[in-house]
Amino acid sequence: MDSSASEVTHAFPPFFLVHKDGSVKRFMVADYAPPTVDPQTGVESKDVVISPETGVKARIFLPKINVPDQQKKLPLIIHYHGGGFCIGSSFDIITTRMLTVLTSVANAITISVDYRLAPEHLLPIAFDDSWSALQWISTHLNREGPELWLNQFVDFGRVYLLGESAGAAIAHHMAVRVGTTKGLEGLRICGAVIVHPYFVDNDQPDELVRFLSPGPIAPNSDPKLNPKVDTDLDKMCCEKVLVFVAENDGFGLKPRGVEYCETLKYSGWKGDLELVENEGEDHCFHVFNPTSESALVLVQKVASFVNQD
């Protein structure tokens, strides 16, 4: 074996290394958690295939439903996990714990899209996979889609997008894309929850995103990654947006979240916007410790946002 194959050609701690032979070594890889029934909350989960062609899957979380309420339709939360577009999974123990808590507190059905990760699948594949998932979900609007839980329990007039970090960028872009694309009119996206968003900055080159998105458009000129250059921002499909920023964000993303709110506020978009600062907290603290006091406050805020309609 050529010893030079193990030579590191690109390093992006704390996310991954790329070796000369093209192999990728990831850090911060959480353990897989199988779908199950959570004994504390009664939340049940299952995995579904979104696209056999690409292998994209998702995990669905169903809250405990009492027999008399089986005909009641519930809000749907569509979730996109964080991890810099290159780590994380809908199937790991971290995401599963967090979404189990959210599903229980919000009494909503949650589907988390396990989009393909860069650098093996360079951007915009994560966005394309997420759009494919929305199209797949829309096949259930007539109550005859491939997934029973969506057919039986979802109120498609109350759909919400949720993402943290890189997943927040995906959630935002999905809201814009639904507003500018025909074919998903029956899927009413009422709101978007943007948690500690990872957008690029005009004045700060982002070497990670540049590596993950090597196309002809620079990341700071790509509306998927930089809302400030999106001429369709006023067409966001949702009626309200809830944005969280972390006071002690270790990745320095708090100003970008605040700036995102300012950009959206003056874009011509007519919806309601709320900015919440998580005082004393770090980036995506609620994902890593979903039962902490501060995390439960965040979850309750999201639950109220989802159930206001």
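Fair warning: this is a prediction, and the values are worked out from it, not measured in the lab. (Residues numbered from 1 in each chain as written. Predicted model: local features only at pLDDT ≥ 70, side-chain atom pairs only at ≥ 80, totals over all residues. Heavy atoms only, no water.)

**Q** I tried to follow the overall build of the protein on my own but got confused; where do I start?
**A** A count of helices and strands for the protein gives 8 helices and 11 strands. For the protein, the C-alpha radius of gyration of 19 Å lies close to 19 Å, the compact-globule estimate for 309 residues. Reported as C-alpha extents along the three principal axes, the dimensions of the protein are approximately 65 × 50 × 40 Å. Across the 309 residues that make up the protein, the buried fraction comes to 52%. For the protein, contacts bridging at least 24 residues in sequence account for 73% of all contacts bridging at least 6. Summed over all atoms, the accessible surface of the protein reaches about 13,600 Å², with 51% contributed by carbon and sulfur. (Helix = DSSP H or I, 4+ residues; strand = E, 2+ residues; numbered from the N terminus. Rg over C-alpha atoms; globule rule 2.2 N^0.38 Å. Buried < 20%, exposed > 50% of the residue type's maximum accessible area, 1.4 Å probe, protein only. Contact = heavy atoms within 4.5 Å. Areas by Shrake-Rupley, 256 points an atom, 1.4 Å probe, with all protein chains shown as cover.)

**Q** In this structure, what is going on with the pairing of strand 1 (residues 8-12)? I would like to understand it.
**A** Residues in a regular strand point their side chains to alternate faces of the sheet. Here strand 1 runs beside strand 2 (residues 16-19); their pairing, made up of 4 bridges, is antiparallel. Across the sheet, valine 8 pairs through a bridge with histidine 19, a residue of strand 2. Here strand 1 folds back onto strand 2 in antiparallel fashion, the turn holding 3 residues. (Pairing = 2+ DSSP bridges.)

**Q** Even after reading the chapter, I still don't get the nonpolar core, so can you show me in this structure?
**A** Grouped burial of nonpolar side chains is what soluble globular proteins tend to show. Leu76, Ile78, Phe85, Leu134, Leu161, Met236 and Val241 are the most contacted members of the largest nonpolar core, which totals 69 residues. Among the elements that take part in this core, helix 4 (residues 166-180) stands out by supplying 9 residues, more than any other. Ignoring anything within four residues of it in the chain, the contact list for isoleucine 78 reads Ile111, Val113, Leu134, Ile137, Val159, Tyr160, Leu161 and Leu162. Of all hydrophobic cores here, the second largest spans 27 residues; its members include Phe61, Val195, Ala295 and Leu298. (Core = buried A, V, L, I, M, F, W, Y, C linked by side-chain atoms within 4.5 Å.)

**Q** Looking at this structure, I do not really get unusual backbone geometry. What am I missing?
**A** Excluding glycine, most residues fall at negative phi; most peptide bonds, likewise, are trans. Following proline 13, the chain continues into proline 14 via a peptide bond in cis, with omega recorded as 5°. You can see proline 14 is positioned in the loop between strand 1 and strand 2. In the segment running from leucine 123 into proline 124, the intervening peptide bond is cis, with an omega of 20°. Turning to its location among the elements, proline 124 is positioned in the loop between strand 7 (109-114) and helix 2 (125-138). A positive phi is found at methionine 28, a non-glycine position, where the angle reads about 55°. By the element assignment, methionine 28 lies in the loop between strand 3 (24-26) and strand 4 (44-51). Residues other than glycine seldom take positive phi values, yet phenylalanine 85 does so here, at roughly 65°. Mapped onto the elements, phenylalanine 85 comes out in the loop between strand 6 (74-80) and helix 1 (93-106).

**Q** Is there a simple way to think about the layout of surface pockets in this case?
**A** Over the atoms, a rolling probe the size of a water molecule traces out where space has been left empty. Its boundaries defined by the atoms lining it, the largest pocket holds a volume of some 740 Å³. Phe15, Gly82, Gly83, Gly84 and Ile87 are, among the 36 residues lining the largest pocket, the residues nearest its centre. For the lining of the largest pocket, the secondary structure elements donating two or more residues are helix 1, helix 5 (207-212) and helix 7 (285-288). Within the lining of the largest pocket, the residues separate by chemical class into 20 nonpolar, 10 polar and 6 charged. Sorting the residues of the lining of the second largest pocket by element identifies strand 4 and helix 1 as the ones contributing at least two each. Here the element with the most residues in the lining of the second largest pocket is helix 1; it accounts for 4 residues. (1 Å grid on protein atoms, 1.4 Å probe; cavity = no way out; pocket = protein on both sides within 12 Å on 5 of 7 lines; lining within 4 Å. Points joined across faces, edges and corners; volume = space filled by probe spheres on them. Nonpolar A, V, L, I, M, F, W, Y, C, P; charged D, E, K, R; others polar.)

**Q** Which parts of the structure should I look at to understand the packing of helix 2 against helix 4?
**A** Helix-helix packing is characterised by the crossing angle of the two axes and by the distance between the axes. Between helix 2 and helix 4, the least distance of the axes is 10 Å, while the angle of their chain directions is 55°. In terms of axis orientation, helix 2 runs oblique to helix 4. The hand of the helix 2/helix 4 crossing is right-handed. When helix 2 is examined against helix 4, the residues Ala126, Phe127, Asp128, Ser130, Trp131 and Leu134 are found in contact with a partner set consisting of Ala169, Ile170, His173, Met174, Arg177 and Val178. Its residues assigned to classes, the contact of helix 2 with helix 4 comprises 8 nonpolar, 2 polar and 2 charged. (Axes fitted to C-alpha atoms, helices over the stretch in contact; angles between N-to-C directions. Parallel < 35°, antiparallel > 145°, perpendicular 65-115°, else oblique. Left-handed = near helix turned anticlockwise from the far one by under 90°.)

**Q** Help me understand the UniProt feature "domain: Alpha/beta hydrolase fold-3" (unreviewed entry) in the protein, please; the structure alone is not making it clear to me.
**A** In the numbering used here, UniProt assigns the "domain: Alpha/beta hydrolase fold-3" (unreviewed entry) feature to residues 77-286. Here residues 77-286 is 33% helix and 20% strand, with 17 Å between the C-alpha atoms at its ends. (UniProt positions renumbered as here; feature names shortened; annotations may be inferred.)

**Q** Would you mind going over the side chain of histidine 286 with me for this structure?
**A** Residue placement: histidine 286 occurs in helix 7. For histidine 286, a relative accessible area of 4% translates into the label buried. Contacts of histidine 286, omitting those with residues within four sequence positions, involve Met98, Glu164, Val195, His196, Ala295 and Leu298.

**Q** Explain helix 2 to me, please; I cannot follow it from the model alone.
**A** At 3.6 residues per turn, the α-helix brings residues three or four places apart onto the same side. End to end, helix 2 covers 20 Å across 14 residues, agreeing with the expected 20 Å (1.5 Å per residue, within 8%). The buried fraction of helix 2 amounts to 10 of the 14 residues, a majority that puts the element mostly inside the structure. Along helix 2, the residues that are buried comprise Ala126, Phe127, Asp129, Ser130, Trp131, Ala133, Leu134, Trp136, Ile137 and Ser138. (Expected span 1.5 Å × (residues − 1).)

**Q** Is there a simple way to think about the sheet that holds strand 3 in this case?
**A** Within a sheet, neighbouring strands are paired by backbone hydrogen bonds and run either parallel or antiparallel to one another. Across the sheet, which stays open at both edges, the 3 strands sit in the order 1-2-3 with antiparallel pairing between neighbours. Each edge of the sheet is formed by a strand with only one pairing partner; in this case those strands are strand 1 and strand 3. Strand-to-strand twist in this sheet, taken as the mean axis angle between neighbours without regard to direction, amounts to 15°. Direction of pairing for strand 2 relative to strand 3: antiparallel, over a ladder of 3 bridges. Pairing of valine 18 across the sheet is with valine 24, part of strand 3.

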